[in-house]
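Summary of structural features
Each chain is listed here by its residues.
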Amino acid sequence: MGYDPQPEGSHYIDGAYVDDSAGEVIEVIYPATGEVIAKVHAATPAVVDRALAAAARAQVIWAAMTGRERGRVLVDAARLMRERNRELSELETLDTGKPLQETLVADATSGADALEYFGGLAGSLTGEHIQLGEDWVYTVREALGVCVGIGAWNYPTQIACWKAAPALACGNAMVFKPSETTPLSALKVAEILIEAGAPAGLFNVVQGMGAVGGQLVGDPRVAKVSLTGSAATGRKVYAAAAGEMKHVTMELGGKSPLVVFEDAELENAVSGAINGNFYSSGQVCSNGTRVFVHRAIKEAFLERLTERLKGAVIGDPMDEATSFGPMVSARQMEIVQGFIAQGEAEGARLVYGGKRLERPGFYLEPTVFADVTDGMVIAREEIFGPVMAVLDFEDEDEVIARANDTVYGLSAGVFTRDISRAHRVIGRLQAGSCFVNSYNDAPVEAPFGGVKASGVGRENSKAAIEHYSQLKSVYVRMGDVEAPF
Ligand code: NAD
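Structure report, in brief.

Helix and strand counts for the protein chain come out as 16 helices and 20 strands. Expressed along its principal axes, the backbone C-alpha trace of the protein chain runs to roughly 80 × 60 × 40 Å. For the protein chain, the proportion of its 485 residues judged to be buried stands at 58%. The long-range fraction of contacts in the protein chain, counting pairs at least 24 apart against all pairs at least 6 apart in sequence, stands at 73%. Accessible surface computed for the protein chain: about 19000 Å², of which carbon and sulfur atoms make up 52%.

See below:
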């Protein structure tokens, strides 16, 4: 470890680190060794209250600034994040166990992309003018107020920024609760925003488990909740928010299909399947974990996939040569081991991996099952680990029906050289974020989010603005007012 990741305080509120040792201790465990590398306290109700009060105060100051002024702060924060990319990436690796090879290019950089993109948009967020004869209506795009962000543990920096950037661009303030498994990185985002000129209290971080999230969601000062997490948590948070008619964005789980037709460029299809199953040790919500491969090329696909998996460099995540790291926690590893055992018991053919590595930390081998059938648990439930299920198919209509036969609808991908087929199939797949001859690209310019049980609303792109602002429409009468009596 290059430096001590212990933060100055557990929470970041009103522009400063704060702590309250009365809160339950949360140990931060480095997944590559199992060592405790830092400790924070869960927020007590008093801490949550302070964070919400600070956010409410800052929001008024922030919303009174011009969009361009707000945008400049976000763009400056993006620059600071890029300048500190290495140090932020090392912290992200300690927090999550993801290899530095990934965190250097996918976490603080992706967060900076969001801050820069929404910073650029902030000055152009306007209402419109609607002429109605001599009368007219104008609309005003207003902030919602205090927003709550709640994060998952797989992309702590990215999730904090994907929520904060559009929220702040629109004139809102935020209280963010990271996952209790990865509490460290969001604190750095808070520090950087202050350094870039954000008013104290604009972006606050409070630590804690689900109960702290629940307290935030239920507070009447909160206008909107954006959650990244599992569908089970999403249902609870959405229901609690609905009770007070709050706005929501729900970025939830998936069991996404990746369809490889017989005319696909095989090497690219294998690359897509690797990216869509083994990046971040498979802990990616949009992963294409049901890989439908046309029967005519199934064995060739499996052979090439197996050869390529032998090239994975599994080891110390801090070594930039490492391309595959540990799972985030012992608990998550055990859940995934349970799914692997279930796949074997259900009669799926284990073609690669399946075992825990004999070394400290929570390492599982990249794992591939073939001959998976639609009813098997490993084909139905989100595993959230490095486990690919390969299913055979023969016919286009058949594969579309099977791909859609899931409660989820986050992502979908198609590999084929036939462009008409690519668009025809994507057109019929029920998913929010789709790929043609690629998998898992998530540029900030494109809307990201799911359909069905995978979520509500969209992050990134201009679409996110609709989820962090509301329109006031103002009718202006130029003549006299007629009344019936
Ligand atoms: P999780 O649902 O267990 O927890 C998510 C967050 O919600 C955590 O911060 C947790 O403390 C909080 N929480 C739990 N109960 C709560 C409650 N009752 N009220 C308020 N907050 C509560 O998810 P996880 O295990 O951290 O992450 C994995 C899941 O997240 C997977 O299902 C994955 O697919 C999903 N995910 C989705 C996306 C996406 O953008 N769609 C991205 C990453 C992860």
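On we go from here.
Quick look at the sheet that holds strand β12 (residues 257-260) now. Strand order across the open sheet formed by 7 strands is β14-β15-β16-β13-β12-β17-β18, with mixed pairing between neighbours. Looking at the sheet topology across the chains shown, the edges are occupied by β14 (349-352) and β18 (433-436). Each strand axis lies, on average, 20 degrees off the axis of its neighbour in the sheet, ignoring direction. Against the sheet, helix α10 (residues 266-278) makes contact with β12, β13 (290-294), β15 (367-370), β16 (387-393) and β17 (411-415), and its axis sits at roughly 140 degrees relative to β16, the strand it touches most. Against the sheet, helix α12 (residues 330-345) contacts β14, β15 and β16, and its axis sits at roughly 25 degrees relative to β15.

Looking now at the pairing of β18. Here β18 shows a buried face lined by Ser 433 and Phe 435 and an unburied face lined by Cys 434 and Val 436. Bridging between β17 and β18 involves 4 bridges; their strand directions are parallel. Residue pairing for β18: Ser 411 is matched across the bridge by Ser 433.

Turning to the packing of aromatic side chains, a few remarks are in order. In this structure the tally under the stated criterion is 8 aromatic pairs. Across from the ring centre of Tyr 363, 4.4 Å away, lies the NZ or CZ of Arg 359, which sits over that ring. In this arrangement the basic side chain of Arg 421 is found over the ring face of Phe 261, its NZ or CZ atom lying 4.1 Å from the centre.

Next up on the list: the sheet that holds strand β5 (residues 129-132). Across the sheet, which stays open at both edges, the 3 strands sit in the order β5-β6-β20 with antiparallel pairing between neighbours. The sheet is open, and its two borders are formed by β5 and β20 (469-476), each paired with just one other strand. Strand-to-strand twist in this sheet, taken as the mean axis angle between neighbours without regard to direction, amounts to 20 degrees. Of the pairings in the sheet, the one linking strand β6 (residues 135-143) to β20 comprises 8 bridges and is antiparallel in character. Each bridged residue has a counterpart across the sheet, and for Glu 142 the counterpart in β20 is Gln 470.

Attention now goes to helix α6 (residues 156-169). The terminal C-alpha atoms of α6, which comprises 14 residues, lie 20 Å apart, in line with the 20 Å expected from a rise of 1.5 Å per residue. Within α6, 14 of the 14 residues are buried, which leaves it mostly tucked inside the rest of the structure. Trailing α6 by a residue or two, Gly 171 shows a phi angle of about 100 degrees, which is positive.

About the thresholds
- Position numbers for residues count from 1 along each chain, tracking the sequence in the order it is written.
- Two thresholds apply to this predicted model, a pLDDT of at least 70 for residue-level local features and 80 or more for giving and counting side-chain atom pairs, whereas whole-chain, interface and lining totals are computed over all residues.
- Side-chain metrics rest on all non-hydrogen atoms present in the structure, leaving aside hydrogens and water.
- Only DSSP runs of H or I reaching four residues or more are called helices, and only runs of E reaching two or more are called strands; each is numbered from the N terminus.
- The classification of residues rests on relative accessible area computed with a 1.4 Å probe and restricted to protein chains. Under 20% of the type maximum is buried, over 50% is exposed, and intermediate values are partly exposed.
- The criterion used for residue contact is that any of the two residues' heavy atoms lie within 4.5 Å.
- Methods summary: accessible areas were calculated by the Shrake-Rupley approach with a probe of 1.4 Å, and residue burial reflects only the protein chains presented.
- At least two DSSP bridges between two strands are required for those strands to pair.
- Between N-to-C directions, angles cover 0 to 180 degrees, with each direction set by a line fitted to C-alpha atoms, over the stretch in contact for helices.
- Pairing of aromatic side chains requires ring centres within 6.5 Å, counting the rings of Phe and Tyr and the six-membered ring of Trp. Pairs whose planes differ by under 30 degrees are stacked, by over 60 edge-to-face, and all others tilted.
- By the criterion adopted, a ring carries a charge over it if an Arg CZ or a Lys NZ lies within 6 Å of its centre and within 35 degrees of its normal.
- Helix span, expected: 1.5 Å multiplied by one less than the number of residues in the helix.

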